[in-house]
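# A closer look at the structure
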Amino acid sequence: LYVINGGVALYLVRDEVTDEMRAIPHSKYVVMGLLDFVSGFMCSLGAFYTSGSKQQLFNQASIPCTMLFTWMLLGKRSSSVHALTHHHRLSDMTTDTDIDVTAAADANPDLSTVVLVSELLYVLSNIPMALSYVYKEHGFKNMAVHVMYLTQMVSIYQMFFGFLLVPLQALVP
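In this report, the structure presented in the accompanying data block is examined. These figures come from a predicted structure and were not determined experimentally. (Residues numbered from 1 in each chain as written. Predicted model: local features only at pLDDT ≥ 70, side-chain atom pairs only at ≥ 80, totals over all residues. Heavy atoms only, no water.)

## Regarding the packing of aromatic side chains
Each pair of aromatic rings is reported with the distance of its centres and the angle of its planes. We apply this condition: Only centres within 6.5 Å qualify two rings of Phe, Tyr or Trp (six-membered ring in Trp) as a pair; their planes then separate them into stacked at under 30 degrees, edge-to-face at over 60, and tilted for everything else. Helix numbering and strand numbering both begin at the N terminus, where a helix is a DSSP run of H or I of at least 4 residues and a strand a DSSP run of E of at least 2. Working definition: with a 1.4 Å probe on protein chains only, accessible area under 20% of the residue-type maximum means buried, over 50% means exposed, and in between means partly exposed. For a ring to carry a charge above it, either NZ of a lysine or CZ of an arginine must fall within 6 Å of the ring centroid while also lying within 35 degrees of the normal to the ring plane.
Following the criterion strictly, the structure yields six aromatic pairs and no others. Ring geometry for tyrosine 29 against phenylalanine 140: centres 5.7 Å apart, planes inclined by 35°, an arrangement best described as tilted. Placement of tyrosine 29 in helix α3 (residues 26-47) and of phenylalanine 140 in the loop between α8 (126-139) and α9 (147-164) is noted, with a sequence separation of 111 residues between them. Among the residues examined, phenylalanine 140 registers a relative accessible area of 7% and is labelled buried. What links up through ring pairs into an aromatic cluster is the set Tyr29, Phe140 and Tyr149. For arginine 14, the ring lying beneath its charged end belongs to tyrosine 11, and the centroid distance is 3.9 Å.

Right, here's the structure in full:
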């Protein structure tokens, strides 16, 4: 559905997409599509035993992950205020996860490992997402590309990987 909606949106701005934009190698979109697929797949595996409020909290980890990879891979540093703010978010997530796993272990010892693995998968899904953001920053550094064109191309490849790996999606509870 996202690809269909994106296609309609891209059709509406088709005159703004130049030949130079169309000439951008598709390998750039493939990398981002793969990273976005892996992130979404990890989220779907972890979401079943991760509460909705915890998912909202864990989604915030994408910011410090992106800051870290931007620094490591692109050499760009964030301000100390940004780093400190996001350090507190990560501390909160760690504390909340410890509480949930302890509560799950008390209620059902067999479930505590499942909850921990689910929450870990959900949090770790921020890594490929952050890498996708950083790759976009690096890979399109000196290029002008319409946001709708870029989004649509990435979505198409993300959907392709999703269909290609449908058997793995049977692992989702």
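Alright, that's what it looks like, and here's the rest.
## Here's the deal with the nonpolar core
Formally: The set of buried Ala, Val, Leu, Ile, Met, Phe, Trp, Tyr and Cys residues whose side-chain atoms join them within 4.5 Å is what this entry labels a nonpolar core. The contact criterion used throughout is that any non-hydrogen atoms of two residues lie within 4.5 Å.
The biggest cluster of nonpolar side chains holds 13 residues, and the ones touching the most others in it are Tyr29, Met32, Phe140 and Tyr149. Mapped onto this core, the elements with two or more residues apiece are α3 and α9. Residue contributions to this core peak at five residues, all from α9. Each residue touching phenylalanine 140, except ones within four places of it in the same chain, is listed here: Ile24, Lys28, Tyr29, Met32, Tyr135, Val145 and Leu150.

## So, the packing of helix α5 (residues 62-74) against α8
To keep it simple, the criterion reads: Axis lines are fitted to C-alpha atoms, over the contacting stretch for helices. Their N-to-C directions set the angle, which ranges from 0 to 180 degrees. Here roughly perpendicular refers to angles of 65 to 115 degrees, roughly parallel to angles under 35, roughly antiparallel to angles over 145, and oblique to all remaining angles. Crossing handedness is read from the near helix: turned anticlockwise from the far helix by less than a right angle, it gives a left-handed crossing, and turned clockwise, a right-handed one. Residues are sorted three ways: Asp, Glu, Lys and Arg are charged, Ala, Val, Leu, Ile, Met, Phe, Trp, Tyr, Cys and Pro are nonpolar, and all the rest, Gly among them, are polar.
Remark: α5 packs on α8, axes separated minimally by 8 Å, with the N-to-C direction vectors making an angle of 50°. Comparing their axes, α8 and α5 come out oblique. Where α5 crosses over α8, the two elements pack in a sense that is right-handed. Contacts between α5 and α8 involve Ser62, Cys65, Thr66, Phe69, Thr70, Leu73 and Leu74 from the former and Asn126, Ile127, Ala130, Leu131, Tyr133, Val134, Glu137 and His138 from the latter. A breakdown of the residues in the contact of α5 with α8 according to their chemical character gives nine nonpolar, five polar and one charged.

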